[in-house]
Amino acid sequence: MKMFRNKMTYFLLLVLVLLVGISIGAMKRLDYEGKKQQTIYLITKTSVGIDFWNSVAKGAKVAATELGVKVVVDGPKNETEVEKQIEIIENAIKKKPAAIAVAATDYERIGEVCQKAINQGITVVTYDSDALFEAEHSYVATNNLLASQRLAHELGTMVKREGRVVILSHVKGTYSAFEREEGFKKGLKPFENLVVEQTVYYSNDDLKTAYQYTKEIVETYPDIVAIYGTNEVSLQGAAEAVNDLGIKDDVHVVGFDMNTRVAYFVETDVIKAAMAQRPFNMGYLAIKEALEVQETNDPRQVDVSAVLINKENMFLPENQKLIVPFAER
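Residues numbered from 1 in each chain as written. Predicted model: local features only at pLDDT ≥ 70, side-chain atom pairs only at ≥ 80, totals over all residues. Heavy atoms only, no water.

### Quick word on the nonpolar core
Here is step 1: Grouped together as the largest cluster of nonpolar side chains are 28 residues, with contacts concentrated most on Met258, Ile271 and Ile309.
Here is step 2: Secondary-structure elements contributing two or more residues to this core are strand E6 (163–169), helix H7 (207–220), strand E9 (224–229), helix H8 (232–245), helix H9 (260–267), strand E11 (271–276) and helix H11 (317–323).
Here is step 3: Excluding residues that lie within four positions of it along the chain, isoleucine 271 makes contacts with Leu235, Ala239, Val253, Val262, Phe265 and Val266.
Here is step 4: One finds Ile50, Phe52, Val56 and Val69 within the second-largest nonpolar core, a separate group that totals 26 residues. (Core = buried A, V, L, I, M, F, W, Y, C linked by side-chain atoms within 4.5 Å. Buried < 20%, exposed > 50% of the residue type's maximum accessible area, 1.4 Å probe, protein only. Helix = DSSP H or I, 4+ residues; strand = E, 2+ residues; numbered from the N terminus. Contact = heavy atoms within 4.5 Å.)

Structural data, given as structure tokens:
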């Protein structure tokens, strides 16, 4: 009888251990599934036709796979459509996602809707272009002030004659445009032979507009020696026009961002220098940062870094990775 009671005791202990093990396993599985079900909205400035934003989206999707979350990518067709981007963010808020990562088309107006998301308990991270709102938040981007200063210094050392430099920016009111304009002006100050034209032209992220403005700029300013394009579209549009006009030795073209057409113009010496950002990394890190802030509540600024590309260094293996994005190799 005693032996029977001992066997029963051992049996009950074994059952208890098994039940505890099963319970712990179930809890872990539920926790994992809960994380997988988290949704993060990645709001871009432009949803079609721009290599930079395609790479940002690819980086975010890779992060989603690795980190086990669902990423929804959305954005207006053009960077000038501020109202549309506000509508997209408003719709995202209604879905109550874990986080929203947004590249702001307007520094102040997008800030208002970002604060609304924060007030509803949604983590907000900005990337590429920051927004103005009360809550502390992480910002994932190139250090545009330093990168544009570096680009200006490169231009200043190249151009030895006196002349005018015109800024062909992307969209007025965006934080990235503001920082790249101000950084570039600061970087050119030591070069007294170069004068920055006070009128800033805006392509509104449209290639034809950038092209037409460049032709107008060349006609308007006989003393022009350089044009600075502040993003992929402005830079490419300026290069296309300078190439068609056959004035690449008279008007230096420099600017931000990289695509295969820009790379061609660097190789053929139409573009003298291009600051290549890391859009794939930007998209990846925006998602990763959104998850980390959600857990730690410790926002910060994340510098994605950029590299100056010219004809001399463009074929270095490390720079080829920037010219041909990681996701497309």
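### Some thoughts on the confidence of the model for the protein
Here is step 1: On average, residues of the protein carry a pLDDT of 90, and 87% of them reach 70 or more.
Here is step 2: In the predicted structure, residues 17–34 sits below a pLDDT of 50 and forms zero contacts with residues beyond four places in sequence or in another chain. (pLDDT = per-residue confidence, 0-100.)

### Considering the environment of valine 195
Here is step 1: Note on placement: valine 195 falls in strand E7 (residues 194–196).
Here is step 2: The sequence separation of valine 195 and aspartate 223 amounts to 28 residues, and the corresponding C-alpha distance is 9.9 Å.
Here is step 3: Discounting residues that sit within four places of it in the chain, valine 195 has contacts with Gly163, Arg164 and Val165.

### Regarding the packing of aromatic side chains
Here is step 1: All chains considered together, the criterion is met by eight aromatic pairs.
Here is step 2: Arranged with centres 6.3 Å apart and planes meeting at 70 degrees, the rings of tryptophan 53 and tyrosine 127 form a pair that is edge-to-face. Here tryptophan 53 is found in helix H2 (residues 51–67), whereas its partner tyrosine 127 is found in strand E4 (residues 123–127), with 74 residues between them in sequence. Per residue, the accessibility class of tryptophan 53 equals that of tyrosine 127, and both read buried.
Here is step 3: Taken together, the ring pairs connect Tyr107, Tyr139, Tyr175 and Phe178 into an aromatic cluster.
Here is step 4: The cationic tip of arginine 180 hangs over the ring face of phenylalanine 256; the distance from NZ or CZ to the ring centre is 4.4 Å. (Phe/Tyr/Trp six-rings, centres within 6.5 Å; stacked < 30°, edge-to-face > 60°. Lys NZ or Arg CZ within 6 Å of the ring centre and 35° of its normal.)

### Comments concerning unusual backbone geometry
Note: most peptide bonds trans; most residues except glycine with negative phi.
Here is step 1: Even without glycine at this site, aspartate 128 takes up a positive phi of about 65 degrees.
Here is step 2: Within the secondary structure layout, aspartate 128 lies in the loop between E4 and strand E5 (139–141).
Here is step 3: Not every positive phi belongs to a glycine, and aspartate 257 is a case in point at roughly 85 degrees.
Here is step 4: For aspartate 257, the position within the fold is in the loop between strand E10 (252–256) and H9.
Here is step 5: Judged by relative accessible area, aspartate 257 falls into the buried class, the value being 4%.

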